[in-house]
Amino acid sequence: MASEDLFQAYIERTLPKSAEGLEEEDLVEMVKKCETKAALTTIYYLSRDITVRVKLIKGGAIPLVLESLAEADKRIYERGLAAMDLLCSCSEGRAAAYEHALTVPLVVKKILRVSTLATDFAISILWTLCRHSSNGSAMLDALQSGAFQKILVVIQLGCSEKTRMRATQLLKLFSHYRDEWECIETVDFKDVKRSF
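An account of the accompanying structure is given in this report.

### Some words on the nonpolar core
Then step 1. Counting residues in hydrophobic clusters, the biggest one holds 51 residues, and the most contacted among them are Ile62, Met84, Leu126, Ile151, Leu170 and Phe174.
Then step 2. The contacts of Ile62, once residues within four sequence positions are left out, are Met84, Leu87, Cys88, Gly93, Ala96 and Ala97.

Here it is as structure tokens:
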């Protein structure tokens, strides 16, 4: 059995049961004491239980994950984006993600930069945040961060069916904001000559 499988078995067997009795701040402080890779893995496995997920979010897990991602190297990103995807799957997590200014730009930046799996998680996070955004600020942040172009490339390069569906839905959501934000820089086409 691999060490990660042992760690997962330990987490699933012990931490969720003991974590339910902990206060939100204590739970996040316990995770903060771990090394970055272990902390993100712990957050991911703890977040599978909805009651513990809400406690992690209230204790400040979203800023912890985002700060870890901002300073991390490529090998940590998949774990961090997986944890972020789980945390954003509930309304409390989305609310905490909307409050943090780095959420959307950091997620968009990692599309097509780390791995296929990281791209799948990033698209899933963006899809969740943009679909549930009541005022459209997540979509405008994504457009300003260059999400439109990256999502087009993801669809063209090929991806899983689930990611393709979410990417297509994101493009449809972005189309509602084409008057407020230009999706493609026209400066890129200033030297293109029209054929008459």
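### A short note on the environment of Met84
Then step 1. Along the polypeptide, Met84 turns up in helix H6 (residues 74-87).
Then step 2. Accessibility expressed as a relative area gives 0% for Met84, which makes it buried.
Then step 3. Sequence-distant contacts of Met84, that is, excluding residues within four places in its chain, are made with Ile62, Val65, Leu66, Ala97, Thr103 and Ile125.

### Considering the packing of aromatic side chains
Then step 1. Under the definition given, this model contains one aromatic pair.
Then step 2. Between Tyr44 and Tyr45, the aromatic rings sit 5.1 Å apart at their centres with planes inclined by 70°, giving edge-to-face as the arrangement.
Then step 3. By relative accessible area, Tyr44 is classed as partly exposed at 24%.
Then step 4. Of note, Arg131 hangs over the ring of Trp127, and the distance from its end group to the ring centre comes to 4.0 Å.

### Observations concerning H6
Then step 1. With 14 residues, H6 extends 20 Å from end C-alpha to end C-alpha; this agrees with the ideal 20 Å at 1.5 Å per step.
Then step 2. Three or more residues of H6 are buried, namely Ile76, Tyr77, Gly80, Leu81, Ala82, Ala83, Met84, Asp85, Leu86 and Leu87.
Then step 3. For H6, the elements touching its buried residues are helix H3 (36-46), helix H4 (50-59), helix H5 (61-71), helix H7 (91-99), helix H8 (103-109) and helix H9 (116-132).

Cut-offs applied
- Residues numbered from 1 in each chain as written.
- Predicted model: local features only at pLDDT ≥ 70, side-chain atom pairs only at ≥ 80, totals over all residues.
- Heavy atoms only, no water.
- Core = buried A, V, L, I, M, F, W, Y, C linked by side-chain atoms within 4.5 Å.
- Buried < 20%, exposed > 50% of the residue type's maximum accessible area, 1.4 Å probe, protein only.
- Contact = heavy atoms within 4.5 Å.
- Helix = DSSP H or I, 4+ residues; strand = E, 2+ residues; numbered from the N terminus.
- Phe/Tyr/Trp six-rings, centres within 6.5 Å; stacked < 30°, edge-to-face > 60°.
- Lys NZ or Arg CZ within 6 Å of the ring centre and 35° of its normal.
- Expected span 1.5 Å × (residues − 1).

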